[in-house]
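This is what each chain is made of:
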Amino acid sequence: MSTSPSVAIRASARSSSASRTVTGVSGATPSGARISSGQSRPCIAMTSSTTRSTPAWVATTPVPRTEDPRARQVMVQDLPSLVWASNLVVEFHTPQWTPAAPAVADRLVLDLDPGAPATVVDCCRVALHLRERLAADGLESFAKTSGSKGLHLLVPVVPTPSERVSAYAKRLAVEAGAELPRLVTHRMTRALRAGKVFVDHSQNAAARTTATPCTLRARERPAVSAPVTWEEVEACASPADLAFLMGDIAPRLERYGELLGPLFDAGRAGDVP
């Protein structure tokens, strides 16, 4: 097992960014990507069986949609459990629901993925379009970098069955493709994505997960899925403008505070049309 995850968390813990990562995964059942010999592995569910020696002080919860009544999944609820989990995986992914209500989403996500030669600059144009579209339905949206090439839009919603949230997210993606046909596609087929932004709505499915805010990504450089302001999205003129590494996060937290805090405020959640 690589030691890089624990090093990353220790570096974060010296500031306040580890606590923000706890906020992103608190009460959730994360999955994660492991690193072995410098190569990232696919995301794995952090179950008691996959972690083998889960300490008694790390909370677990039954795994939904399984026929094994003994299966339990790890919950990251505080800094100690985050530090422990960080020695198992380098990046964290979480579903759009909590263990208390499996498959009932309390947020919507749209993953904006640019197909070369499109970049995150094009994703920003699409994000601004979607922000206005969501606002027309009474929904507030927030942005973060994917930690790779694109952007994620996150929307707090009143707890709603994942199937209904997924249907609405797909409708938004299809509409964006019709309104911005030279810039957007809602289809996953790679041949259709060159030079366009793929609006991936599929991560709203109950079985899917999304990179957690402030998580490291399993990349050659320690890139972070970083919350950003709408002013930064509007001003983005180069991919470098929204490329953040581990060392950038603590100063950003000091400057901007918890940009995604409203996601955890039930009073900011809107009804899914």
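Residues numbered from 1 in each chain as written. Predicted model: local features only at pLDDT ≥ 70, side-chain atom pairs only at ≥ 80, totals over all residues. Heavy atoms only, no water.

**Student:** Which residues make up the overall build of the chain, and what values do they have?
**Tutor:** Looking only at helices and strands, the chain has eight helices and 12 strands in total. Within the span of the chain, comprising 273 residues, buried residues form 51% of the whole. For the chain, restricting intrachain contacts to residue pairs at least 6 apart in sequence, the fraction spanning at least 24 positions comes to 69%. For the chain, the accessible surface area stands at approximately 12700 Å², while carbon and sulfur atoms represent 53% of it. (Helix = DSSP H or I, 4+ residues; strand = E, 2+ residues; numbered from the N terminus. Buried < 20%, exposed > 50% of the residue type's maximum accessible area, 1.4 Å probe, protein only. Contact = heavy atoms within 4.5 Å. Areas by Shrake-Rupley, 256 points an atom, 1.4 Å probe, with all protein chains shown as cover.)

**Student:** Got a sec to walk through the side chain of Ser162? Specific residues and values, please.
**Tutor:** Positionally, Ser162 belongs in helix α6 (residues 162-179). According to the relative accessible area criterion, Ser162 is buried, its value standing at 4%. When neighbours within four sequence positions are excluded, Ser162 is seen to be in contact with Trp97, Ala103, Val104, Ala105, Asn204 and Ala206.

**Student:** Mind laying out unusual backbone geometry, listing which residues take part and the relevant values?
**Tutor:** With an omega of 10°, the peptide bond between Ala116 and Pro117 qualifies as cis. Positive phi outside glycine occurs at Cys214, with the angle close to 75°. Position of Cys214 among the secondary structure elements: in the loop between β11 (210-211) and β12 (227-228).

**Student:** Please give an account of the sheet that holds β12 that cites residues and values.
**Tutor:** Taken together, six strands build an open sheet; the order of strands is β9-β10-β6-β8-β7-β12 and the sheet is mixed. Each edge of the open sheet is held by one strand with a lone partner, namely β9 (184-185) and β12. Of the strands in this sheet, β6 (104-114), β8 (151-161), β9 and β10 (197-200) touch helix α5 (residues 120-136), which is tilted by about 145° from β6. (Pairing = 2+ DSSP bridges. Axes fitted to C-alpha atoms, helices over the stretch in contact; angles between N-to-C directions.)

**Student:** I'd like a rundown of the packing of aromatic side chains, residues and numbers included.
**Tutor:** As enumerated under the stated definition, the model contains zero aromatic pairs in all. When the ring centre of Trp230 is taken as reference, the NZ or CZ atom of Arg131 above it lies at 4.6 Å. A cation over a ring is seen here: Arg252 above Phe244, with NZ or CZ 4.2 Å from the ring centre. (Phe/Tyr/Trp six-rings, centres within 6.5 Å; stacked < 30°, edge-to-face > 60°. Lys NZ or Arg CZ within 6 Å of the ring centre and 35° of its normal.)

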